[in-house]
Amino acid sequence: MTDYYEKYLKYKKKYLELKRKNGGRGGTPRTREFITWNVAHECMIGPKHKCRACRNVGPGNNTICQNNLIGVFNKLEHRPHFVAIQEGNQNLSSRIISKLNSKYSGHVWNSLIYNSTRVVTAILIYDSTRLKPLNTFAGNCDGKSGRPFVGALFEERSITNPDGSKPILTVVSIHGPHGHGSERYTHRSSPKAILQQIV
């Protein structure tokens, strides 16, 4: 639990420094809160996998590592607009959404999930009260089944541009290649680069 919380505090410090540079307490009018986390499927599934602490699965098929991760969401000080999870699963997605819905009344979170393999997924959780998905997409980076992505074009529900249109943004949860060794991204197995595949 301590390691997870220390990581959260480190990124919170970076965020607050960026917000200060962008104009003080309020930041910019269209600042969006993101959390992204590669949680490692071995720690989310439990028995017969590499995470020794999670071999004993508790009620509801919840692992110790899952419980530690949910504990971080208990301590959030800023409401996220998006949570991108790599190597999670449906159970973890449901638990995060349940925690966010109970923590922030008046907001409802939904998710996009792409199951690349039985144990490898890409998950994007979004605040559906603020954001409307216009077009969704999912696939595998460079055709590799262990490197999935899922995302969407989102329209802001509560903000209007001066010309009357709604702001639109592209958000992706992506488990990209490591960039070295056998998982290094190349153009040999795909005619397009990763971002070209997505956009």
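Since we're looking at a predicted model, the values are computed, not measured.

Quick notes on the rules
Residues numbered from 1 in each chain as written. Predicted model: local features only at pLDDT ≥ 70, side-chain atom pairs only at ≥ 80, totals over all residues. Heavy atoms only, no water. Core = buried A, V, L, I, M, F, W, Y, C linked by side-chain atoms within 4.5 Å. Buried < 20%, exposed > 50% of the residue type's maximum accessible area, 1.4 Å probe, protein only. Helix = DSSP H or I, 4+ residues; strand = E, 2+ residues; numbered from the N terminus. Contact = heavy atoms within 4.5 Å. Polar contact = N/O pair within 3.5 Å; in protein donor to acceptor, adjacent residues only side chain to side chain. Phe/Tyr/Trp six-rings, centres within 6.5 Å; stacked < 30°, edge-to-face > 60°. Pairing = 2+ DSSP bridges. Axes fitted to C-alpha atoms, helices over the stretch in contact; angles between N-to-C directions. Parallel < 35°, antiparallel > 145°, perpendicular 65-115°, else oblique. Left-handed = near helix turned anticlockwise from the far one by under 90°. Nonpolar A, V, L, I, M, F, W, Y, C, P; charged D, E, K, R; others polar.

A. View of the nonpolar core. Judged by nonpolar contacts, the single largest core of 21 residues is most densely connected at Leu-69, Phe-73, Ile-85, Leu-92, Ile-96, Leu-100 and Ile-125. Per element, the largest residue contribution to this core is five residues, and it comes from helix 3 (residues 64–74). If sequence neighbours within four positions are ignored, Ile-96 has contacts with Leu-69, Ile-70, Phe-73, Ile-85 and Ile-125. Phe-82, Leu-124, Phe-154 and Val-171 belong to the second largest nonpolar core, which has twelve residues in total.

B. View of the environment of Arg-147. Along the chain, the position of Arg-147 falls in the loop between strand 5 (131–140) and strand 6 (148–156). Each C-alpha atom, one on Arg-147 and one on Ser-116, is 7.7 Å from the other, the two residues being 31 residues apart in sequence. One polar contact links Arg-147 to His-175, side chain to side chain, over a distance of 2.5 Å.

C. Local environment of the packing of aromatic side chains. Taken as a whole, this structure holds four aromatic pairs when the rule is applied. Note on Tyr-104 and Trp-109: the rings are 5.9 Å apart at their centroids and 45 degrees apart in plane angle, and the pair reads as tilted. Accessibility classification places Tyr-104 together with Trp-109 in one group, the buried group. Aromatic pair Tyr-126 and Phe-154: ring centres 5.0 Å apart, planes at 55 degrees, arrangement tilted. You can see Tyr-126 sitting in strand 4 (residues 121–127) and its partner Phe-154 sitting in strand 6, a full 28 residues away along the chain. Of the two residues, Tyr-126 and Phe-154, both sit in the buried class. Each residue in the set Phe-34, Phe-82, Tyr-126 and Phe-154 is aromatic and connected to the rest through ring pairs, giving one cluster.

D. Region of the structure containing the sheet that holds strand 3 (residues 109–115). Taken in spatial order, the four strands of this open sheet run 1-2-4-3, and their pairing is mixed. One side of each edge strand has no neighbouring strand; the edge strands of this open sheet are strand 1 (34–38) and strand 3. For this sheet the average axis-to-axis angle between neighbouring strands, irrespective of direction, equals 10 degrees. Where strand 1 meets strand 2 (residues 82–86), five bridges bridge the pair, whose relative direction is parallel. In the sheet register, Ile-35 faces strand 2, and the bridge partner there is Val-83.

E. Structural view of the environment of Thr-63. Mapped onto the elements, Thr-63 comes out in the loop between helix 2 (41–45) and helix 3. Taking the relative accessible area as the measure of exposure, Thr-63 reaches 0% and is therefore buried. A C-alpha to C-alpha distance of 6.2 Å links Thr-63 and Met-44, two positions 19 residues apart in sequence.

F. Highlighting the packing of helix 3 against helix 4 (residues 90–103). Packing of helix 3 against helix 4 brings their axes to within 10 Å, and their N-to-C directions diverge by 25 degrees. When the axis of helix 3 is compared with that of helix 4, the two are roughly parallel. Where helix 3 crosses over helix 4, the handedness of that crossing is right-handed. Contacts between helix 3 and helix 4 involve Gln-66, Asn-67, Leu-69, Ile-70, Phe-73 and Asn-74 from the former and Asn-91, Leu-92, Arg-95, Ile-96, Lys-99, Leu-100 and Lys-103 from the latter. Along the lines of polarity and charge, the residues of the contact of helix 3 with helix 4 split into six nonpolar, four polar and three charged.

G. How the structure looks around the sheet that holds strand 5. Pairing in this open sheet of three strands is antiparallel, and the strands run 5-6-7 from one edge to the other. Of all the strands in the sheet, just strand 5 and strand 7 (168–174) have a single pairing partner and so form its edges. With strand direction ignored, the average angle separating the axes of adjacent strands in the sheet is 20 degrees. Where strand 6 and strand 7 come together, seven bridges link them in antiparallel fashion. What sits directly across from Val-150, in strand 7, is Ser-173.

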